[in-house]
Amino acid sequence: MFDNLSLFVSTIAEGLLLTVEATVGGILIATVLSFVFGLAMLSKSRTVRVLARIYVEIWRGTSELVQLLWIYFVLPVLVGYRVVPLVAGIVVLGLNFGAYGAEIVRGAVQSVPKAQYEGAIALNFTRAQRMRRVVLPQALVEMVPPFNNLFVQLLKGSSLLTIIFVHEMTYQAREVLIDRHIDQAWLIWTVVLLFYLVLAVLITAGMRALERWAGKLVGRKPSRAKTLRSMVLSTRTGVAP
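The sections below set out a description of the structure shown in this document. Just so it is clear, the structure is predicted and the values come from calculations on it, not from any experiment.

## Notes on the packing of aromatic side chains
Each aromatic ring pair is summarised here by two numbers: the centre-to-centre distance and the angle between the ring planes.
Turning to step 1, where the next piece is worked out: The final tally for this structure, using the stated rule, is five aromatic pairs.
Turning to step 2, where the next piece is worked out: Judged by centre distance (4.1 Å) and plane angle (25°), the rings of Phe37 and Tyr55 are stacked. Within this pair, whereas Phe37 is found in helix H2 (residues 16-40), its partner Tyr55 is found in helix H3 (residues 46-61), the two being separated by 18 residues in sequence.
Turning to step 3, where the next piece is worked out: On the basis of relative accessible area, Phe37 is assigned to the partly exposed category, the value being 21%.
Turning to step 4, where the next piece is worked out: Judged by relative accessible area, which is 9%, Tyr55 ranks as buried.
Turning to step 5, where the next piece is worked out: Connected via pairs of aromatic rings, a cluster forms that spans Phe35, Phe147 and Phe151.

Encoded structure:
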């Protein structure tokens, strides 16, 4: 029953690096976009707020699968340049999850008590200084749990890259192994599942370490109730709150 297990593990592992590259690249892009557009939605400029909201609604309100197909198949026709499959996947993951992350940043910043703003104003801090020294350090504590959920979802979303021929783990299982070992499909997909589980645990461990660091930075611990609520919401909806 398990005679081919080592073959399955090694074959799927050949796609591990591409899965990690897609996930890390998507996380980096999503994080930058989350802060840029999350803070833009709090701008005093109505134009900036509207533009940020348009980005969020477009990328959050349309199918991730369709976005991937559009970037890979339609965009090259419009611009006249072929898009590298892995690059297309990373861009879509970053843009899509960046839209969700922007709402996380906006909500976390708005959750900082008003008294903190007033204290910073009393100290004659500029708007930029208030944000950098007072607001963001406190908001970061509240951002980390939902960002953890978001990044795990992004990891799982990387499996969609198989449809544009990126040879990540799901592609290795479906295109390389299944046809030759259809009778052991259950074992193949179990191995893939375990690979994703290990990666998700590593992401969670890293984010929990970041959460502890952020809490120490401002001299307080994140709310356990809020953390639990974020995890429950993520489980129910499939996306970070």
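## A closer look at the pattern of salt bridges
Turning to step 1, where the next piece is worked out: Scanning the model with the defined rule gives six salt bridges in all.
Turning to step 2, where the next piece is worked out: Residues Glu103 and Arg53 are paired through a salt bridge, measuring 2.5 Å at the closest nitrogen-oxygen approach. In this pair, Glu103 sits in helix H5 (residues 85-111) while Arg53 sits in helix H3, placing the two residues 50 residues apart along the sequence.
Turning to step 3, where the next piece is worked out: Each member of the salt-bridge network shares a partner with another, and the members are Arg53, Glu57, Arg60, Glu103 and Arg106.

Conventions used here
- Residues numbered from 1 in each chain as written.
- Predicted model: local features only at pLDDT ≥ 70, side-chain atom pairs only at ≥ 80, totals over all residues.
- Heavy atoms only, no water.
- Phe/Tyr/Trp six-rings, centres within 6.5 Å; stacked < 30°, edge-to-face > 60°.
- Helix = DSSP H or I, 4+ residues; strand = E, 2+ residues; numbered from the N terminus.
- Buried < 20%, exposed > 50% of the residue type's maximum accessible area, 1.4 Å probe, protein only.
- Salt bridge = Lys/Arg side-chain N within 4 Å of Asp/Glu carboxyl O.

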